[in-house]
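Read off the chains here:
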Amino acid sequence: MAKELITGSEALMLALKAEGVKTIFGYPGGAIMPVYDALYTYTRGNKKAFEHILVRHEQGATHAAEGYARVSGQVGVALVTSGPGATNTLTGVADAMMDSTPIVVIAGQVPISALGTDGFQEVDLVGVAQPISKWSYQIRHADDIAWAVSRAFYIARSGRPGPVVLDFPKNAQTEKVAFEPQHVNFIRSYVDRPHLDPEAVSKAAELINHAQKPLALVGQGVELGNAQEELIAFLEKADIPAGRTMLGLSAFPSTHPLNVGMLGMHGNFAPNLKEQECDVLIAIGMRFSDRVTGNLKTYARQAKVIHLDIDRSEIDKNVKTDVAVVADCKDSLPAITALLHKGNHQVWRDSFLPLATKEQQKVIEPAIHPASGPLLMGEVVNAVAEATKGDAVLVTDVGQNQLFATRYFKYPKKRSLCTSGGLGTMGYGMPAAIGATFGAPGRTVVCFSGDGGFQMCIEELGTIMEQQAPVKMILLNNNYLGNVRQWQDMFWQRRKSFTKMLNPNYELLAQAYNIPYEAVTDRTLLQAAIEKMLATSGPYLLECAILEEDNVLPMTPPGMNVEDMMLEINV
């Protein structure tokens, strides 16, 4: 008996369903209209398979898909039309590529008969997406849908995760096909889970067993590999202090006694300086970003370097490795742990304390418990962190708000952070927070933004309004593009070139979108305002008037050595 023929658009619905997709973030248009017509059926009645979230801009769809993926561990999905609809997603695609976030973007396209004619809203999406995605592919006929969708999700979620872009011409959406789901789990020449090399494992364990001053650098790869428990077992057996990259902050509990803080340009004083003193440096699921290493010519030159990563291309890319263990850290960490001696590095660990105390006294206490003056970003973040008791997901935009938020928030639970790391995308915060509320519906989602980034994605207030997405938005308003202003003060003779901002009335904006709002200018009212925000169901906007020249410290000036980290600014 012949199988029933269905349209390519309905075949896409069945293919997405087969991949376990539940939530789609999208924006309709002409070239994707057949898919949206099929989606109408699959969001209603007894055929309901998906929840579709109508965003207000296609870039917002990709960031929402990223936020969803980061907190849920699933692949995020964005659905858009051709031309500007597709090109508007490219910032989110690049962001996901830099931060290893698994998303699949499906975009409409003109029929293949019109390709190359400069048809209305025609763009070579496969060509422009190829350098910034794991895979970009054009589904030219309905017969390709089952294979292409399964392959797309396999590539997005496997190995080092990342974005995949599917270009879907209109003819393939309307053609008829006898749909059979496919399950792609192998691609020739694509190694999704590298074979663990026992010799590399043995060499790594030997170096660690003989180390006097070992230091672990924990990256997001631990979280992507769901290897949090394996990491803790490894660190505890060897008694190794661990610093965390910004994206790796929730991969290792901030309350753990072996946690020594955040790495990087605005990280904590002790782990950054101790990178220049350790004798064995163990990098786990991190890529040695320039924001971590500073000047590569002087970075950790005294240390033997062990690099654990699933992506072979990261090995020796920035920092020369003595032992490379190319594998999923869920495999490599327990293999190394099995060969380790029970370690005792108490003296080495204690040597971090004077540096931590110095930072506590010079930077942290003044930032979170100021005696007087306007509100500071650090105290607002700290107050929200204390009030949420470690249960919340932190989402940030980019800039000073991001740096203060990631420094002063608490991360006792895994998958508790969504932030734009490698690309540094202003406007990321609000849509990513929307996605996070769907990816982790049982958790409080707090989103810190500056006045600059907030206005870059302000249209997504409409999505929040329509969905009643329970995003607790904390707007840290200093009337500046604060991070650029800080650099201008430090490195450009205080010439504040176009960083001062004239802001709108945010209370009226919140009122227009029917979102509860409160402004805080007095620190004596801050705690009550935060408690009210958290007690209010649905979305909330809390605007905090911040000291205009509040600066993020510590700081390693760009291109300088890690040990040049500054605890104060003299300008």
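Look up a bit, the structure's there.
Residues numbered from 1 in each chain as written. Predicted model: local features only at pLDDT ≥ 70, side-chain atom pairs only at ≥ 80, totals over all residues. Heavy atoms only, no water.

Caption draft 1: Spotlight on the overall build of the protein chain. Scanning the protein chain for helices and strands turns up 24 helices and 20 strands. A globule of 571 residues ought to have a C-alpha radius of gyration of about 25 Å, and the protein chain, at 24 Å, matches this closely. Considering only C-alpha atoms, the protein chain reaches an extent of 75 × 65 × 40 Å along its principal axes. Burial statistics for the protein chain: of 571 residues in total, 58% are counted as buried. Within the protein chain, contacts between residues at least 6 apart in sequence are counted, and of these 77% link residues at least 24 apart. (Helix = DSSP H or I, 4+ residues; strand = E, 2+ residues; numbered from the N terminus. Rg over C-alpha atoms; globule rule 2.2 N^0.38 Å. Buried < 20%, exposed > 50% of the residue type's maximum accessible area, 1.4 Å probe, protein only. Contact = heavy atoms within 4.5 Å.)

Caption draft 2: Representation of the pattern of salt bridges. Across all of its chains, the model carries 27 salt bridges by this definition. Taking the shortest distance from any N to any O, the salt bridge between Arg157 and Glu19 comes out at 3.2 Å. Placement of Arg157 in helix α7 (residues 145–157) and of Glu19 in the loop between α1 (8–18) and β2 (23–26) is noted, with a sequence separation of 138 residues between them. When its relative accessible area of 40% is taken as the criterion, Arg157 is described as partly exposed. Notably, a salt bridge pairs Lys413 with Asp391, separated by 3.1 Å at the nearest N-O pair. Highlighted residues: Lys413 in the loop between α18 (400–408) and β16 (417–418) and Asp391 in the loop between α17 (377–388) and β15 (393–396), separated in sequence by 22 residues. The network of salt bridges with shared partners includes Arg485, Asp489, Arg494, Lys496 and Glu549. (Salt bridge = Lys/Arg side-chain N within 4 Å of Asp/Glu carboxyl O.)

Caption draft 3: Spotlight on the sheet that holds strand β9 (residues 214–218). Strand order in this open sheet of six strands is β11-β10-β9-β12-β13-β14, and the pairing throughout is parallel. Taken across any chain shown, the strands that pair with only one partner, and hence form the sheet edges, are β11 (259–262) and β14 (323–326). Taken pair by pair, the neighbouring strands of this sheet meet at an average axis angle of 15°, ignoring direction. With three bridges joining them, strand β10 (residues 242–244) and β11 adopt parallel strand pairing. (Pairing = 2+ DSSP bridges. Axes fitted to C-alpha atoms, helices over the stretch in contact; angles between N-to-C directions.)

Caption draft 4: Representation of the layout of surface pockets within the structure. In this model, the second largest pocket occupies a volume close to 720 Å³. Around the second largest pocket, the lining is made up of 34 residues, and of these Asn259, Val260, Gly261, Asn268 and Ile364 lie nearest the centre. For the lining of the second largest pocket, the secondary-structure elements that each account for two or more residues are β11, α12 (269–274), α15 (346–350), α16 (353–368), α17 and α18. If you tally residues by element for the lining of the second largest pocket, the top one is α16, at seven residues. Tallied by class, the residues present in the lining of the second largest pocket amount to 16 nonpolar, eleven polar and seven charged. (1 Å grid on protein atoms, 1.4 Å probe; cavity = no way out; pocket = protein on both sides within 12 Å on 5 of 7 lines; lining within 4 Å. Points joined across faces, edges and corners; volume = space filled by probe spheres on them. Nonpolar A, V, L, I, M, F, W, Y, C, P; charged D, E, K, R; others polar.)

Caption draft 5: Spotlight on the packing of aromatic side chains. If you walk through the whole model with that rule in mind, you get 13 aromatic pairs. Between the aromatic rings of Tyr154 and Tyr190, the centroid separation amounts to 5.8 Å while the plane-to-plane angle is 90°, which identifies the pairing as edge-to-face. Of this pair, Tyr154 sits in helix α7 while Tyr190 sits in the loop between β8 (176–177) and α9 (198–209), placing them 36 residues apart in sequence. Assessed through its relative accessible area of 22%, Tyr190 is described here as partly exposed. (Phe/Tyr/Trp six-rings, centres within 6.5 Å; stacked < 30°, edge-to-face > 60°.)

Caption draft 6: Local environment of empty space enclosed by the protein. The final tally for this structure, using the stated rule, is two cavities of 30 Å³ or more. Taken as a whole, the largest cavity encloses approximately 50 Å³ of empty space. Around the largest cavity, the lining residues are Arg70, Gln220, Glu223, Leu224, Leu247, Arg415 and Leu417. Classifying every residue of the lining of the largest cavity gives three nonpolar, one polar and three charged. What lines the second largest cavity is Ala15, Ala18, Glu19, Ala146, Ser150, Phe179, Pro181 and Gln182.

Caption draft 7: Layout of the pairing of strand β6 (residues 135–138). By the bridge criterion, four bridges tie β6 to strand β7 (residues 163–169) in an arrangement that is parallel. Opposite Ser136, over in β7, you have Val165 as the bridge partner. In this fold, the crossover linking β6 to β7 by way of α7 has right-handed handedness. (Right-handed = clockwise from strand over helix to strand, strands pointing away.)

Caption draft 8: Structural view of the environment of Phe438. Topologically, Phe438 is positioned in helix α19 (residues 429–439). On the basis of relative accessibility, which here comes to 19%, the residue Phe438 falls in the buried class. For the pair Phe438 and Asp564, spaced 126 residues apart in sequence, the C-alpha to C-alpha distance is 42 Å. With sequence-adjacent residues up to four places away left out, Phe438 is seen in contact with Thr23, Phe25, Glu51, Ile53, Tyr68 and Gln467.

Caption draft 9: Seen up close, the packing of α17 against helix α24 (residues 526–535). At their nearest, the axes of α17 and α24 sit 10 Å apart, and the two run at 50° to each other. With respect to each other, α17 and α24 are oriented oblique. Seen along the crossing, α17 lies across α24 with a hand that is right-handed. The residues of α24 that touch α17, namely those facing Glu379, Val380, Ala383, Val384, Ala387 and Thr388, are Leu526, Gln527, Ile530 and Leu534. (Parallel < 35°, antiparallel > 145°, perpendicular 65-115°, else oblique. Left-handed = near helix turned anticlockwise from the far one by under 90°.)

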